[in-house]
Amino acid sequence: MKYNFDKIINRKNTNCYKWDTTKEDVLPMWVADMDFEVAPKIIDSIIKKAQHGVFGYTMIPKEYYEAEIYWWKKKYNFEIKKEWIEPTTGVIPSLSSIIQTFCESGDKILIQSPVYHYFNISIENNNCEVLNNNLIYENNNYKIDFEDFENKIRNNKVKLFILSNPHNPVGRVWNKNELKKMGELCLKYNVLVISDEIHRDLVYKNYCYTPFASISEEFLQNSITCTSASKTFNIAGLKASNIIVANKNLRVKLNKVLNRNEIKSLNIFGIDSLTTAYLHCEDWLDELLIYLEKNKDYLIDYIKKEIPELEVVKPEATYLLWIDISKLNISSTKLANKLENIGKIRIISGGTFGKNGDNFIRINIACPLKTLKDGLNRLKNGINQIKTLEN
Ligand SMILES: Cc1ncc(COP(=O)(O)O)c(C=O)c1O
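Residues numbered from 1 in each chain as written. Predicted model: local features only at pLDDT ≥ 70, side-chain atom pairs only at ≥ 80, totals over all residues. Heavy atoms only, no water.

Per an unreviewed UniProt entry, the protein goes by the name cysteine-S-conjugate beta-lyase and belongs to Aliarcobacter cibarius. Entered under Sequence similarities (unreviewed entry) in the UniProt record, the comment concerning the protein runs "Belongs to the class-II pyridoxal-phosphate-dependent aminotransferase family. MalY/PatB cystathionine beta-lyase subfamily." For the protein, the Cofactor (unreviewed entry) comment in UniProt is given as "pyridoxal 5'-phosphate". (UniProt positions renumbered as here; feature names shortened; annotations may be inferred.)

A. Structural view of the overall build of the protein. If you tally the helices and strands in the protein, you get 14 helices and 15 strands. In summary, the protein has a C-alpha radius of gyration of 21 Å against a globular reference of 21 Å for 391 residues, a match within 12%. Each of the 391 residues in the protein was classed as buried or not, and the buried ones make up 57%. Residue pairs at least 24 apart in sequence account for 76% of intrachain contacts in the protein once pairs closer than 6 positions are excluded. When the accessible surface of the protein is totalled, it reaches about 17,400 Å², and 48% of it is carbon and sulfur. On the protein, the mean spot of the 53 positive side-chain charges and the mean spot of the 48 negative ones are 1 Å from each other. (Helix = DSSP H or I, 4+ residues; strand = E, 2+ residues; numbered from the N terminus. Rg over C-alpha atoms; globule rule 2.2 N^0.38 Å. Buried < 20%, exposed > 50% of the residue type's maximum accessible area, 1.4 Å probe, protein only. Contact = heavy atoms within 4.5 Å. Areas by Shrake-Rupley, 256 points an atom, 1.4 Å probe, with all protein chains shown as cover. Lys, Arg positive; Asp, Glu negative; His and termini not counted. Charge placed at Lys NZ, Arg CZ, Asp CG, Glu CD.)

B. Geometry of the UniProt feature "domain: Aminotransferase class I/classII large" (unreviewed entry) in the protein. Within this structure's numbering, the places UniProt gives as "domain: Aminotransferase class I/classII large" (unreviewed entry) are residues 29-379. Annotation note: span residues 29-379, helix share 44%, strand share 16%, distance between end C-alpha atoms 11 Å.

C. The site of the ligand, seen in detail. Every residue close to the ligand is listed here: Ala32, Gly90, Val91, Ile92, Pro93, Tyr116, Asn168, Asp196, Ile198, His199 and Lys231. Between the ligand and Val91, the relevant distance is 2.8 Å, taken from an oxygen atom to a main-chain nitrogen or oxygen of the residue. Across the complex, the protein chains shield 90% of the 400 Å² of accessible surface that the ligand would expose by itself. Among the elements that line the shell around the ligand, the one with the most residues is helix α4 (residues 91-102), at 3 residues. Tallied by class, residues from the shell around the ligand come to 6 nonpolar, 3 polar and 2 charged. (Near = heavy atom within 4 Å. Polar contact = N/O pair within 3.5 Å; in protein donor to acceptor, adjacent residues only side chain to side chain. Nonpolar A, V, L, I, M, F, W, Y, C, P; charged D, E, K, R; others polar.)

This is the structure in structure tokens:
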């Protein structure tokens, strides 16, 4: 391996959201960023920019757009045009602006729980109503309830459907058939699809991610895709992401709100980092995926042998593993609290992602193997002590 993902980097006392909001003796495995050092070429690009010494207002150069276009084509054989790209400071601010553009107060927006909780927050912050097409958990995996999907959008005048593709937290990579079925129902009932594809690059062996908008011209025209290099290359703090909107009518409307919300001014270092990541760091990602695959296999094996009451939901994508805790007969919120206080490990309760997430916890495995091993031992000891206390 060219890159050292075993390297332990102390993130404490760096204003790190993951580590510095967690008690000193607790191991944080919750928020979705990685404990790995970023690709050296990204660091070099930041140093180069820093050495220039002047950080005034900046423009987005053509290389930035070329990098986004290159990545889509190279990795996913999807050809996009420069004018479809709307750079923004993040996916969540983008979602918020999209909701403000296409919905009025009280409008209904469909999501698929359990799902990334900021979908909910963003919808409610913008005075819209969340409608849930709950995912079905069966045989240690998740599937879509298409009957409910159609009923919900037919009976509720749904305006938008926010898709997580691949899905955080359940780890599904929706296959082409599933995407087609959802997309066709949305076309049939005139529902605009917002596809959040921030986790697109973090897919495990034997699974294949399909960009929703690449499926057909109709899907392309009836969708808005949100992406970022932040999850893939661990640069969430640099604040650069892109919205892909091929449909000109939608783009013109959205642009006004993006401007009004002032989220089109990207961070000077974020611009160079995204460009460098997509143009020059694919080999780093290839090695990261090998490392994550090993961490994932290690966790699955450990849990099978050492904590058999838990069951790992089959992971297809993301470094966030979703674990079934139902055999413990304890709510995920209670378990998360106890794990933090007794086990000294901080994970996220599944209930955070919707009521039907309550029998699960989410754990972040994007860390050196040594840290993961420590976390798993804490998880095991914590659960053993909690079981003794509960009985
Ligand atoms: C599905 C999904 N969308 C968006 C985000 C956050 O994106 P950003 O930091 O660009 O706002 C996350 C972070 O975990 C996520 O999982």
